[in-house]
Amino acid sequence: MGLHGVKAVFFDLDNTLIDTAAAGRRAIEEVLPLSPFRRVISALQCKHHYGEGEARAICDKVQAKLLKECHDPAKMCITDLRISHWEEAIQETTGGEANRDLAAECYYLWKTTRLQHLTLAEDTRAMLTELRKGLRLLLLTNGDRQTQREKIEACACQPYFDAIVVGGEQKEEKPAPSIFHHCCDLLGVQPAECVMVGDSLDTDIQGGLNAGLKATVWLNKAMTAPEDTSPVPHYIISSVLDLPAVLQKMEHGINAKLGTDHMASSNE
């Protein structure tokens, strides 16, 4: 697929190409007693004598902490921070002294389970393969270096991209223009030749606009209305699989404009 004016597409990772939120929820569920995998039943129920209600409360608290998480890699590594989430959740639920060993056990189980659920769907793989026949593709993800690299490895998405950029390895993350311009430099393209695809208005869409990219495509799975103060994407899709149709629409729009310009110059 060769497109006039578009040479590259940047893809966000989390909740765009892979369903990180769902994987995290499944990982939490599998830590609970009576879950299908029962991976820490012995730790929370048998070994440590926790009831189902206590275990569920601990996991709910961890989930809430993850949603509010603010990580500064200069102060603490992501592993220590997330073990602390579990440690705090256990202590808040059961009282008594902190149990770092149990917290670490729960964290590593949650992390392993989540990574196992992070997969790049077959239809997404097929789409990326087809797009790459005529376009350069780049994966651009914010987040801690270790965490994001583990996700990338888990979903085995490296072969589908010409380059992968992790925000935690750069001076600035999305929505800073610098990281987008770095991506352009890696691919040897100009911002006006690139399209950004992602689920976050604040980072993906605003960042693409800040950097002067040709177009931004917002993945809005729930098709919810954005807030009035939100950045306005050029296109909105409900599935990443809708992207090829958007790119074709862009190509047709460019072709129509070229035809109009040609007619105008002929009349002159």
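That block above? That's the structure.
Predicted model only: the values in this text are computed from it and were never measured.

What follows covers the overall build of the protein. Each helix and strand counted, the protein has 10 helices and six strands in total. Burial statistics for the protein: of 268 residues in total, 46% are counted as buried. Look at the contacts in the protein between residues 6 or more apart in sequence, and 63% of them connect residues 24 or more apart. Total accessible area on the protein stands at roughly 13,100 Å², and carbon and sulfur atoms take up 51% of it.

Moving on: helix α3 (residues 52-67). With 16 residues, α3 extends 23 Å between its outermost C-alpha atoms, agreeing within 8% with the 22 Å of an ideal straight helix rising 1.5 Å per residue. Those residues of α3 lying buried are Ala55, Ile58, Cys59, Val62, Lys65 and Leu66. Down the axis of α3, the smallest arc covering the buried residues is 120°, so these residues share one side. Residues Gly53 and Leu67 are exposed on α3 and point more than 90 degrees away from its buried face.

To continue, consider the sheet that holds strand β6 (residues 235-237). Here six strands make up an open sheet; going across it, the order is β3-β2-β1-β4-β5-β6 and the pairing parallel. Edge positions in the sheet fall to β3 (163-166) and β6, since each has one partner strand and no second. Between one strand axis and the next, the sheet turns through 20° on average, direction left out of account. With four bridges joining them, strand β4 (residues 194-198) and strand β5 (residues 215-219) adopt parallel strand pairing. By the bridge assignment for β5, Met196 is matched with Thr216.

With that out of the way, let us pick up the packing of aromatic side chains. Here a ring pair, both rings aromatic, is described through the centre-centre distance and the interplanar angle of the planes. If you walk through the whole model with that rule in mind, you get three aromatic pairs. Aromatic ring contacts, followed pair by pair, group Tyr107, Tyr108 and Trp110 into a single cluster.

Moving on, we come to helix α8 (residues 177-187). Every buried residue of α8 is listed here: Ile179, Phe180, Cys183, Cys184 and Leu187. One side of α8 holds all its buried residues, which, seen down the axis, span an arc of 145°. Where α8 is buried, its residues contact β1 (8-11), β2 (136-141), β3, β4 and α9 (201-210). Phi turns positive, to about 70°, at Gly188, one or two residues after α8.

A few words on the pattern of salt bridges. All chains considered together, the criterion is met by 16 salt bridges. A salt bridge links Arg82 to Glu69; the shortest N-O distance between them is 2.8 Å. Here Arg82 is found in helix α4 (residues 78-94), whereas its partner Glu69 is found in the loop between α3 and α4, with 13 residues between them in sequence. The buried category is assigned to Arg82, whose relative accessible area is 12%. The exposure class of Glu69 is partly exposed, given its relative accessible area of 23%.

About the cut-offs
- Residues numbered from 1 in each chain as written.
- Predicted model: local features only at pLDDT ≥ 70, side-chain atom pairs only at ≥ 80, totals over all residues.
- Heavy atoms only, no water.
- Helix = DSSP H or I, 4+ residues; strand = E, 2+ residues; numbered from the N terminus.
- Buried < 20%, exposed > 50% of the residue type's maximum accessible area, 1.4 Å probe, protein only.
- Contact = heavy atoms within 4.5 Å.
- Areas by Shrake-Rupley, 256 points an atom, 1.4 Å probe, with all protein chains shown as cover.
- Expected span 1.5 Å × (residues − 1).
- Arc of directions from axis to C-beta.
- Pairing = 2+ DSSP bridges.
- Axes fitted to C-alpha atoms, helices over the stretch in contact; angles between N-to-C directions.
- Phe/Tyr/Trp six-rings, centres within 6.5 Å; stacked < 30°, edge-to-face > 60°.
- Salt bridge = Lys/Arg side-chain N within 4 Å of Asp/Glu carboxyl O.

These figures capture arrangement, not role.
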